[in-house]
Amino acid sequence: MFDNKFLFLRRPPYRIIAAISLGLLVVSCIVAVDTFLNDDPAVKIATDVPATHTLSIPPLLEPRIEDGIAHYQLDLGISFHDFHQAQLTPTIAYNQESLLGPTLHLYRGDRVVVDVTNHLDEDTTTHWHGADVPAEADGGAHSVIRPDETWKAEFDVIQEAATLWYHPHIKNHTAEQVYRGAAGLMIIDDDNTAASQLPSTYGIDDIPIILQDRDFAKNGELDFTLSNYGKGYYYSHLMVNGTPNPYVEVPAGLVRLRLLNGSQARLYKLSLESSKKMIMIASEGGYLNQPLEMEQIMIAPGDRAEIIVDLSDVDRLNLLDASFSRVLELRTDNTLTAVTGPVPSTLNTIERIDPSEIDQSRDFVFDKVGEGWGINGQQMKLMSNFHEVSLLRGKQKTPLLLS
Ligand SMILES: [Cu+2]
């Protein structure tokens, strides 16, 4: 899943095509997942007893500001994490966390430098998933960081508020390195005034929720099964920010959950207990135009979504998943200052594309090719060539590169 989607796009009109292509890719992956993964080994978590462990919250990474530039340092190295197995589990993580990495909180208009040092004895990369950055700062499979080397990513934050994430994107080992623990959130904020009325105190009423399924050997080590292109693998145990069966104490008001599916193949179908409605406020690219009341939200690997849960009239509420039953128990603490509703009725002003403006349409068919996946029957050859499609618009001829 992670290895299949990188797009190199620079000009805004082609984002439409990118969106359509990614949509098709997601649909084809979902079909593949449904076809190949009928036996779900998910171990259900009882919802009628209290959750057992405090939810771990990744810390915020403070930048060093120099000449108006926000400098961040990430160090990927070996670590150990307590998944509440028989023994501590060997992991990899950023900045000496036991698992995952710190959250980067960036602002639109910032100039940002991130130095990533690889302390592993294997190659890695660090990719900013969802970030609108130049190719050389994107951390894709071409930006290999060798052991003991540091890679510098420098970019301007030009996109609107959104929840993004970072993870290795190294050829053939992306899924494995993410599974072992290498991933973190990147939150972007801007001056959206409607959004300023939403809960936004990180770790208090604005909670990161990184969903990952894992299997363990008897000695507590992670059991990894290689993702075979779209087939992927469903694991048995759900971890939220690395915590099994977690609860979190939050104010008795509106609470924002920043959901990330950081799993290899699993789809989550999330809902609230007692069919209580959740309010979706943002998807991959940022805030929706209007908040959306939902009974269930489905997120595929790599996806993010932001939801608001109203806890003003309950002591506790379970966030549920169709496979695992409970994902997280939300407990209210009346001593915490609550943001109260309503959620603003307008959150963003995204203009719809007028279909009559489309000059020419092209078909991109994502399908199985041999043992892997391809577009229009062809597969990308990493480091050698790309599918290239010329797009003619007026007098410009701009290639669209797809992998
Ligand atoms: Cu990604």
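Residues numbered from 1 in each chain as written. Predicted model: local features only at pLDDT ≥ 70, side-chain atom pairs only at ≥ 80, totals over all residues. Heavy atoms only, no water.

Draft legend 1. Focus on the coordination of the copper ion. Within the first shell, the copper ion binds the protein through His129 (ND1) and His167 (NE2), at distances of 1.9 to 2.0 Å. Here the residue His129 occupies a position in strand S8 (residues 127-129), and His167 occupies one in strand S10 (residues 162-167), the gap between them amounting to 38 residues. Each member of the pair, His129 as well as His167, carries the same accessibility label: buried. (Donors = N, O, S within 2.8 Å, 3.2 Å for Na, K, Ca; no water. Helix = DSSP H or I, 4+ residues; strand = E, 2+ residues; numbered from the N terminus. Buried < 20%, exposed > 50% of the residue type's maximum accessible area, 1.4 Å probe, protein only.)

Draft legend 2. Geometry of the pattern of salt bridges. Overall, the coordinates contain 18 salt bridges when judged by the stated rule. In this structure, Glu154 and Arg111 form a salt bridge, with 3.4 Å as the shortest nitrogen-oxygen distance. Pair noted here: Glu154 is in strand S9 (residues 150-156) and Arg111 is in strand S7 (residues 111-118), with a separation of 43 residues, a long-range link. The class for Glu154 is partly exposed, based on a relative accessible area of 34%. (Salt bridge = Lys/Arg side-chain N within 4 Å of Asp/Glu carboxyl O.)

Draft legend 3. Region of interest: the packing of aromatic side chains. Summed over all chains, the structure comprises nine aromatic pairs. Measuring from centroid to centroid gives 6.3 Å for Trp128 and Trp151, while their planes differ by 20°, and the two rings are stacked. Here Trp151 lies in strand S9 and Trp128 lies in strand S8, a separation of 23 residues in the sequence. For Trp128, a relative accessible area of 0% gives the class buried. Centroid distance Tyr268 to Phe324: 6.5 Å. Interplanar angle 25°. Geometry classified as stacked. Placement of Tyr268 in strand S17 (residues 268-272) and of Phe324 in the loop between strand S22 (316-321) and strand S23 (325-332) is noted, with a sequence separation of 56 residues between them. Each member of the pair, Tyr268 as well as Phe324, is classed as buried. Members of the aromatic cluster, each reached through a chain of ring pairs, are Tyr94, Trp128, Trp151, Phe155 and Tyr166. Taking the ring centre of Tyr179 as reference, the NZ or CZ of Arg214 above it sits at 5.7 Å. The ring of Tyr247 is capped by Arg331, whose NZ or CZ atom sits 3.7 Å from the centre of that ring. (Phe/Tyr/Trp six-rings, centres within 6.5 Å; stacked < 30°, edge-to-face > 60°. Lys NZ or Arg CZ within 6 Å of the ring centre and 35° of its normal.)

Draft legend 4. Local environment of the nonpolar core. Core analysis: the biggest nonpolar cluster contains 31 residues, and Ile209, Leu211, Leu257, Leu259, Leu270 and Ile297 have the highest contact counts within it. Counting residues in each nonpolar core, the second largest holds 28 residues, with Leu61, Tyr72, Leu106 and Val114 among its members. (Core = buried A, V, L, I, M, F, W, Y, C linked by side-chain atoms within 4.5 Å.)

Draft legend 5. Structural context of the sheet that holds strand S2 (residues 53-54). Ordered by their spatial adjacency, six strands build an open sheet running S2-S15-S23-S22-S17-S20, and the pairing between neighbours is mixed. Each edge of the open sheet carries a strand with a single partner, namely S2 and strand S20 (296-299). (Pairing = 2+ DSSP bridges.)

Draft legend 6. Main features of the confidence of the model for the chain. Scored by pLDDT, the chain comes out at a mean of 87, with 84% of its residues at no less than 70. The low-confidence segment residues 391-403, where pLDDT is below 50, has 40 contacts with residues more than four positions distant or belonging to other chains. (pLDDT = per-residue confidence, 0-100. Contact = heavy atoms within 4.5 Å.)

Draft legend 7. Layout of the environment of His71. When you line up the elements, His71 lands in strand S4 (residues 69-81). It is 5.9 Å that separates the C-alpha atoms of His71 and Val114, two residues lying 43 residues apart in sequence. Ignoring any residue separated from it by four or fewer positions in sequence, one finds His71 in contact with Pro63, Arg64, Glu66 and Val113.

Draft legend 8. Representation of the sheet that holds strand S6 (residues 104-107) in the model. Pairing is mixed in the open sheet, where four strands are placed in the order S6-S11-S10-S8. Only two strands of the sheet have a single neighbouring strand rather than two, namely S6 and S8. On average, each strand axis in the sheet is inclined to that of its neighbour by 25°, with strand direction left out of account. (Axes fitted to C-alpha atoms, helices over the stretch in contact; angles between N-to-C directions.)

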